[in-house]
Amino acid sequence: MRNAFPLFQSHLDLAQDYWSQLVQIGDTVIDATCGNGFDTFKLCQLALSNDKGKVIAIDRQSQAIASTRHYLDAHLPIELMERVGFYHQCHSTFPHYLQQAEVKLIVYNLGYLPGGDKSETTETLTTLLSLTEGQKLVKPGGAICITCYPGHPEGANEQEALLAYAAQLPPKEWSCCRHSWLNRHLAPTLLLIQKSLQQPDSKEEDGPPH
Ligand SMILES: C[S@@+](CC[C@H](N)C(=O)[O-])C[C@H]1O[C@@H](n2cnc3c(N)ncnc32)[C@H](O)[C@@H]1O
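For the structure given in this document, a descriptive report is provided here. In this text the structure is predicted, and so the values were computed from the model without any measurement.

Between the first and last C-alpha of helix α3 (residues 62-75) there are 20 Å, a value that for 14 residues agrees with the 20 Å anticipated at 1.5 Å per step. For α3, the complete set of buried residues consists of A64, I65, T68 and L72. Looking straight down α3, one finds that the buried residues subtend no more than 100° of arc, so they occupy a single side. Looking at α3, the residues exposed on the side facing more than 90 degrees away from the buried face are H70 and A74. Among the structural elements, α2 (38-47), β2 (54-59), α4 (78-81) and β3 (84-88) are those in contact with the buried residues of α3.

A volume near 560 Å³ is recorded for the largest pocket. Considering the residues around the largest pocket, the lining is formed by 30 residues, among which T33, G35, N109, L110 and Y112 are closest to the centre. Split by residue class, the lining of the largest pocket holds eleven nonpolar, 13 polar and six charged.

Let us look at α2. Among the ten residues that make up α2, seven are buried, leaving the element largely enclosed by the rest of the structure. Buried within α2 we find D39, T40, F41, L43, C44, L46 and A47.

Turning next to the packing of aromatic side chains. Inspection of the entire model under this criterion finds four aromatic pairs. Judged by centre distance (5.8 Å) and plane angle (90°), the rings of F41 and Y71 are edge-to-face. Residue F41 is found in helix α2, and its partner Y71 is found in helix α3; the two are separated by 30 residues along the sequence. Ring centres of Y87 and Y97 lie 6.5 Å apart, and the angle between their planes is 45°; this geometry places the pair in the tilted category. On the criterion of sequence distance, the pair formed by Y87 in strand β3 and Y97 in the loop between β3 and β4 (103-109) is long-range, its members being ten residues apart. Judged by its relative accessible area of 39%, Y97 falls in the partly exposed class. Grouped by ring-pair contacts, the aromatic residues F38, F41 and Y71 constitute a single cluster. Above the face of the F86 ring, R69 is positioned so that its terminal group lies 4.2 Å from the ring centre. Sitting over the face of the ring of W181, R184 holds its NZ or CZ atom 3.8 Å from the ring centroid.

Another aspect to go through is the sheet that holds strand β5 (residues 138-148). In spatial order, the strands read β3-β2-β1-β4-β5-β7-β6; together these seven strands make up an open sheet with mixed pairing. Since the sheet does not close on itself, it has two edges, and those belong to β3 and β6 (174-179), each with one partner. Looking at each pair of strands side by side, their axes are set apart by 15° on average, direction ignored. Both strand β1 (residues 28-31) and β2 contribute to a ladder of four bridges, which runs parallel. Bridge pairing in β2 links D31 to A57. Contacts from helix α5 (residues 124-137) reach β1, β4, β5, β6 and β7 (189-195), with the element oriented near 155° to β5. Helix-sheet contacts for helix α6 (residues 153-167) involve β5, β6 and β7, and the interaxial angle to β7 is about 25°.

Rules behind the numbers
Residues numbered from 1 in each chain as written. Predicted model: local features only at pLDDT ≥ 70, side-chain atom pairs only at ≥ 80, totals over all residues. Heavy atoms only, no water. Helix = DSSP H or I, 4+ residues; strand = E, 2+ residues; numbered from the N terminus. Expected span 1.5 Å × (residues − 1). Buried < 20%, exposed > 50% of the residue type's maximum accessible area, 1.4 Å probe, protein only. Arc of directions from axis to C-beta. Contact = heavy atoms within 4.5 Å. 1 Å grid on protein atoms, 1.4 Å probe; cavity = no way out; pocket = protein on both sides within 12 Å on 5 of 7 lines; lining within 4 Å. Points joined across faces, edges and corners; volume = space filled by probe spheres on them. Nonpolar A, V, L, I, M, F, W, Y, C, P; charged D, E, K, R; others polar. Phe/Tyr/Trp six-rings, centres within 6.5 Å; stacked < 30°, edge-to-face > 60°. Lys NZ or Arg CZ within 6 Å of the ring centre and 35° of its normal. Pairing = 2+ DSSP bridges. Axes fitted to C-alpha atoms, helices over the stretch in contact; angles between N-to-C directions.

Shape is all these values report; function is a separate question.
If you want it as structure tokens, here you go:
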């Protein structure tokens with residue numbers, strides 16, 4: 001049954017709630033696994049106006065880039081479309097022109113393209129590389145939001161590695177938490193990594209510990 005529960009139905013509802021709270025018109029955001037473009041479209045709605053904002057859509061498969069472009073073409077006005085950059089590449093690197101601390105949000109929806117080649121799935125090593133590069137691009141007060149799919153073997157390894165990585169990030173600089181279902185076996189999980197507004201070189205005084 002659709003919309004059976006009062007607050008949210010899926011990890012995606014929860015993820016989109018976070019994105020909506022965080023992203024404002026004029027922000028730069030990245031969809032690091034654009035797939036069919038559904039997440040990219042949501043990010044465009046949040047970040048873009050006719051003269052402000054930037055959305056970067058990345059995918060390793062040309063089929064995914066074509067699909068995202070097609071979906072956005074059909075749903076976005078041309079002025080917003082011009083503010084979207086498409087990158088057919090692995091997300092272990094990001095477009096060179098992006099400045100450090102410029103990006104408000106990076107979104108990963110891991111796994112493989114629904115209805116596509118299941119062997120073209122995200123992999124632990126490149127996802128971790130991407131995450132470490134992405135951390136440099138995210139501005140203080142920005143975030144990285146990752147949907148993991150533990151229901152297939154590579155996805156389970158990937159999730160484990162990401163959780164271990166996130167668990168050792170310094171808590172004054174990064175807030176890392178995850179959402180997982182207790183009664184939905186092997187359902188997708190959500191990892192949210194927020195970058196503190198107060199970074200080590202920031203001049204502001206530390207507040208009291210919470
Ligand atoms: C679950 S799908 C993404 C769904 C998408 N966000 C949407 O809204 O339709 C995962 C995508 O990750 C892409 N992918 C896998 N490995 C990648 C990599 N190393 N770099 C960039 N994209 C990758 C796949 O090609 C696939 O399109």
